[in-house]
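Close look at the chain arrangement
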Amino acid sequence: MQVLYVEDSKTLREGVSLALRKEGYAVTATGDGLEGLEYAQFDSFDLIILDIMLPGMNGIEILRTLRAEGNKTPILILTARLAVEERIEGLDVGCDDYLVKPFDIRELLARARALIRRQFDSQDSTLNVGRLRVETATRRAYYDDKQLALRSREFDILELLTLNAGKLVSRLDILEHIYDHAKDLKSNAIDAAICILRKHLSEAGAESMITTVPRRGYLLESDANEHAKKS
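Below or above, wherever it landed, is the structure these notes cover. (Residues numbered from 1 in each chain as written. Predicted model: local features only at pLDDT ≥ 70, side-chain atom pairs only at ≥ 80, totals over all residues. Heavy atoms only, no water.)

Examining empty space enclosed by the protein
Under the criterion given, the structure shown has 1 cavity of 30 Å³ or more. Space inside the largest cavity adds up to approximately 120 Å³. Lining the largest cavity are Met 1, Glu 23, Gly 24, Tyr 25, Arg 113, Ile 116, Arg 117, Thr 136, Arg 139, Asp 156, Glu 159 and Leu 163. Within the residue set of the lining of the largest cavity, elements represented by two or more residues are helix H5 (105–119) and helix H6 (152–163). Its residues assigned to classes, the lining of the largest cavity shows 4 nonpolar, 2 polar and 6 charged. (1 Å grid on protein atoms, 1.4 Å probe; cavity = no way out; pocket = protein on both sides within 12 Å on 5 of 7 lines; lining within 4 Å. Points joined across faces, edges and corners; volume = space filled by probe spheres on them. Helix = DSSP H or I, 4+ residues; strand = E, 2+ residues; numbered from the N terminus. Nonpolar A, V, L, I, M, F, W, Y, C, P; charged D, E, K, R; others polar.)

And the structure:
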């Protein structure tokens, strides 16, 4: 998932960015408000994390501008402990949540997961498709209670497919949400990751959960065993 993080403190920006990347997020980070606005306007993100006090343009101004332009990306505002008025203003102009500094990184990660789930109309940290269970908080996936030995990128793709279960996920969707338009990405990287996912699912007993739609993308649905069981 793609996260934009706008924070003028270099130490905090680097620390939080590292924690987000360890959780599998693709992170774009900047310490400048105007640059942060440009990133938000010209790229696609699953979550924006905004500090209030920023050079160039403050977080509230960025938030107000994005909402006026119709940008509906979930936005988490970071505020100082005593800045009650800022929190009220942020909520009034369209932020989805706020976190008071100093904060525990575990709480920021939990709020990030919750906001991203909300974007995909999922309120539960455990996603279920048939006998497949994906735990977004622990970043573990199971089929019939058998844990799938997935690497970080493979889990990210499976999570995206599961959040969109029954819907087509294009290669561009995967590129934007998972790979951050990586310039050095091999042409077959997505196909290879999908192949590995299919292998893990098959070894756990799942059949035909991920369908390739030629020239369009991929579709995750309940597996063939589940359909046979119901029929």
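Next comes the rest of the write-up.
Description of the environment of Asp 51
Topologically, Asp 51 is positioned in strand E3 (residues 47–51). Through-space distance from the C-alpha of Asp 51 to that of Leu 99 is 9.7 Å; in sequence the pair is 48 residues apart. Sequence-distant contacts of Asp 51, defined by excluding residues within four places in its chain, comprise Val 6, Glu 7, Asp 8, Gly 59, Leu 78 and Lys 101. One polar contact links Asp 51 to Lys 101, side chain to side chain, over a distance of 3.0 Å. (Contact = heavy atoms within 4.5 Å. Polar contact = N/O pair within 3.5 Å; in protein donor to acceptor, adjacent residues only side chain to side chain.)

Re the environment of Leu 91
Along the polypeptide, Leu 91 turns up in helix H4 (residues 84–93). Leu 91 sits 31 residues away from Ile 60 along the chain, and the two C-alpha atoms are 9.7 Å apart.

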